[in-house]
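# Structure assessment
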Amino acid sequence: MNATELTALLAFCTAMSFSPGPNTTLSTAMAANLGLRRTLRFCLAVPAGWTLLMAGSGLGLGALVLGLPALRWAVKLLGVAYLLWLAWKLARAGQLAQVDESKLAVGFWQGVSLQFVNIKAWMLALTLTAGWVVNASGQPAANPLERLAIICAIMAVFAFSSNFSYALAGSLLRQWLAQGRRLLWFNRALALVLVTTAGWMLFV
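We now turn to the structure provided with this report. (Residues numbered from 1 in each chain as written. Predicted model: local features only at pLDDT ≥ 70, side-chain atom pairs only at ≥ 80, totals over all residues. Heavy atoms only, no water.)

### Some words on the overall build of the chain
- Helix and strand counts for the chain stand at 10 helices and two strands.
- Each helix and strand of the chain, ordered N terminal to C terminal, gives the series α-α-α-α-α-α-α-β-β-α-α-α.
- When the 204 residues of the chain are sorted by exposure, 45% land in the buried category.
- Sequence-distant contacts, at least 24 apart, represent 82% of the contacts inside the chain between residues at least 6 apart. (Helix = DSSP H or I, 4+ residues; strand = E, 2+ residues; numbered from the N terminus. Buried < 20%, exposed > 50% of the residue type's maximum accessible area, 1.4 Å probe, protein only. Contact = heavy atoms within 4.5 Å.)

### Comments concerning the environment of Ala141
- Here Ala141 shows up in the loop between β2 (139-140) and α8 (144-172).
- In this structure, the C-alpha to C-alpha distance between Ala141 and Met1, residues 140 residues apart in sequence, is 9.5 Å.
- Sequence-distant contacts of Ala141, that is, excluding residues within four places in its chain, are made with Val133, Val134, Asn135, Ala136 and Arg147.

### Some words on the pattern of salt bridges
- What the rule picks out here adds up to one salt bridge.
- A salt bridge links Glu5 to Arg147; the shortest N-O distance between them is 2.5 Å. Here the residue Glu5 occupies a position in helix α1 (residues 3-18), and Arg147 occupies one in helix α8, the gap between them amounting to 142 residues. Of the two residues, Glu5 and Arg147, neither departs from the other in class, the shared state being buried. (Salt bridge = Lys/Arg side-chain N within 4 Å of Asp/Glu carboxyl O.)

### Quick notes on the packing of α1 against helix α7 (residues 119-133)
- At a closest axis distance of 12 Å, the pairing of α1 and α7 adopts a crossing angle of 175°. One way to sum up the angle between α1 and α7 is to call them roughly antiparallel. Facing Glu5, Ala8, Leu9, Phe12, Cys13 and Met16 of α1, the residues of α7 in contact are Lys120, Leu124, Thr127, Leu128 and Trp132.
- Tallied by class, residues from the contact of α1 with α7 come to eight nonpolar, one polar and two charged. (Axes fitted to C-alpha atoms, helices over the stretch in contact; angles between N-to-C directions. Parallel < 35°, antiparallel > 145°, perpendicular 65-115°, else oblique. Nonpolar A, V, L, I, M, F, W, Y, C, P; charged D, E, K, R; others polar.)

Take a look at the structure:
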């Protein structure tokens, strides 16, 4: 992978990873409600799940999903349903003392699984597969497996960094949100982001 390709890859990964989405919204919400330490599992689950998704996409799973409309819709609908369920749980939490694992429960394996019903993650994986894994500067790549390994490593770093950054921001707001009804409205705002994301997922 030459310097031009790598620069374009890093710019693309930065924009996609740090822009708001289901993962970053959940990282913020979990850290604001549960604290940074209890959010680390999810911050680690995102790169683990995304690496599996990217590897699968690079090895042909992406082509299968694109080739079977029913499977693509199943992924979409599962993702939408899960985001709406999380939004409903989040919108009901108004005090830090009320927030426990039953209110906002996204464990490590749930975080890993979420990547496979996250349309933003699929779009990213498919774009990277088409643009950087099987192609090299417009030509068929001679070393797609090596390129796939490089991309997986880079994106694992980006996936953790972006989610940890959002989680850190959420944790820094934690004490301020504990006053009055601030947390309730904060949670409802993030729930609205999840609902909006779910609606967007249906039309991409």
